[in-house]
Amino acid sequence: MPVEVTWWGHATCTVEDSGVRVLTDPLFARRLAHLRRRRGAPPPPGAAVADVVLLSHLHADHLHVPSLARLTPGTRALIPRGAARSVPGLTRRLPQLRFTEVAPGDEVRIADLVVRVVPAQHDGRRLPLGPHLSPALGFVVHGEARTYFAGDTGLFDDMAAEVGEVDVALLPVGGWGPYLGHGHLNPSRAAEALARIAPRSAIPVHYGTYWPIGMDAVRPHEFHAPGQEFVRQAARLAPEVSVHRLAHGERVRPEVAK
């Protein structure tokens, strides 16, 4: 069966390839600290069913312990090296999960898939006070297709070489506040990443889901617009790439190499 991708909101996606369900950065909460879910209902219980979970870095909106607690016992979880020391009680609070710490360059086989770990340019700490023990990661899932999940990242010089040839790219194009700092992609930088990586298909993620409470009137276009702006910028910089802008909970079978 061709690869199928479902976007649940923020950086949370299900990638189904070769009979394996891969879940990225699960965040199922209606509210997280000062953030609330502004679009899309929280994912249904079936979204928590996965064979392997990919956790890109330790920020609480990407490694969210209560969301991980909803996963089926025995689920494999790939986490940045050093995460068990940086996130208090991670393995103690989630004994039902099978954690594997990984770093860029590692490869992990999950049934008929191989997950290759690649670098990301992003602050990998457990904020606000965590030490710099863990790298931020991206992942390339090799099965019937090659799917790149970027996690959170900025542009970096060796991005195309590190990621390699891929069919599908899940790229962050926004954030959860009115300003994006270093180590993030906005729509134009995400389109530049797309031009460098040159996949056959792309799906914008990490925008239009969570927004700070009380900031509804502050630069609202930063919340609503990144997906459509990425589509526009991608058409300019990477017109050969098919871009699928999904609604929350929508799925697609993107084009892959024959």
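Under an unreviewed UniProt entry, the protein has the name Outer membrane protein romA and belongs to Streptomyces formicae.

Caption draft 1: Examining the sheet that holds strand E13 (residues 168-172) more closely. The strand order across the open sheet formed by seven strands is E9-E10-E11-E12-E13-E14-E16, and the pairing between neighbours is mixed. Because the sheet does not close on itself, it has two edges, and the strands there are strand E9 (107-110) and strand E16 (242-243). Summarising the sheet, strand E12 (residues 146-149) and E13 pair through three bridges and their orientation is parallel. Bridge assignment links Tyr148 to a residue of E13, and that residue is Ala169. Docked against the sheet, helix H5 (residues 187-197) engages E12, E13, strand E14 (201-205) and E16, running at close to 155° with respect to E13.

Caption draft 2: Broad picture of the packing of aromatic side chains. Counted by the stated rule, this structure contains two aromatic pairs. Ring geometry for Trp7 against Tyr207: centres 5.4 Å apart, planes inclined by 15°, an arrangement best described as stacked. Placement of the pair is Trp7 in strand E1 (residues 4-9) and Tyr207 in the loop between E14 and strand E15 (210-212), with a sequence separation of 200 residues. The exposure class assigned to Trp7 is buried, which follows from its relative accessible area of 1%. Using a relative accessible area of 5% as the deciding quantity, one classes Tyr207 as buried.

Caption draft 3: Highlighting the side chain of Ser134. Structurally, the position occupied by Ser134 is in the loop between strand E10 (113-119) and strand E11 (137-142). A relative accessible area of 10% places Ser134 in the buried class. Here the side chain of Ser134 touches Arg81 through a polar contact of 2.9 Å, landing on its backbone oxygen. A distance of 3.3 Å separates a polar side-chain atom of Ser134 from the backbone nitrogen of Ala83.

Caption draft 4: The arrangement of the pairing of E10 in detail. Among the seven residues of E10, six are classified as buried, and the element is accordingly described as predominantly covered. Inspection of the sheet shows E9 paired to E10 by four bridges, in the antiparallel sense. In the sheet register, Ile110 faces E10, and the bridge partner there is Leu113. The sheet contact formed by E10 and E11 spans six bridges and is antiparallel. Counted as the bridge partner of Val115 is Val141 from E11.

Caption draft 5: Focus on H5. Of the positions making up H5, those classed as buried are Pro187, Ala190, Ala191, Ala193, Leu194 and Ile197. Buried residues in H5, looked at end-on, bunch into an arc of 155°, giving them a common side. On its buried side, H5 packs onto E12, helix H4 (159-163), E13, E14, helix H7 (226-237) and E16. Looking one or two residues past H5, Ala198 carries a phi angle of roughly 55°, positive in sign.

Caption draft 6: Structural context of the environment of Val241. Note that Val241 resides in the loop between H7 and E16. Along the primary structure Val241 and Arg253 are separated by twelve residues, whereas in three dimensions their C-alpha atoms are 14 Å apart.

Caption draft 7: Geometry of the pairing of strand E3 (residues 20-24). Within E3, four of the five residues are buried, which leaves the element mostly enclosed by the surrounding structure. Direction of pairing for strand E2 (residues 12-17) relative to E3: antiparallel, over a ladder of five bridges. When the sheet's bridge partners are listed, Thr14 is paired in E3 with Leu23. Connecting E2 to the antiparallel partner E3 that follows it, the hairpin turn spans two residues, and Ser18 within it adopts a positive phi of roughly 55°. The sheet contact formed by E3 and strand E6 (residues 52-54) spans three bridges and is parallel. If you follow Val22 over to E6, its bridge partner there is Val52.

Conventions and cut-offs
Residues numbered from 1 in each chain as written. Predicted model: local features only at pLDDT ≥ 70, side-chain atom pairs only at ≥ 80, totals over all residues. Heavy atoms only, no water. Pairing = 2+ DSSP bridges. Helix = DSSP H or I, 4+ residues; strand = E, 2+ residues; numbered from the N terminus. Contact = heavy atoms within 4.5 Å. Axes fitted to C-alpha atoms, helices over the stretch in contact; angles between N-to-C directions. Phe/Tyr/Trp six-rings, centres within 6.5 Å; stacked < 30°, edge-to-face > 60°. Buried < 20%, exposed > 50% of the residue type's maximum accessible area, 1.4 Å probe, protein only. Polar contact = N/O pair within 3.5 Å; in protein donor to acceptor, adjacent residues only side chain to side chain. Arc of directions from axis to C-beta.

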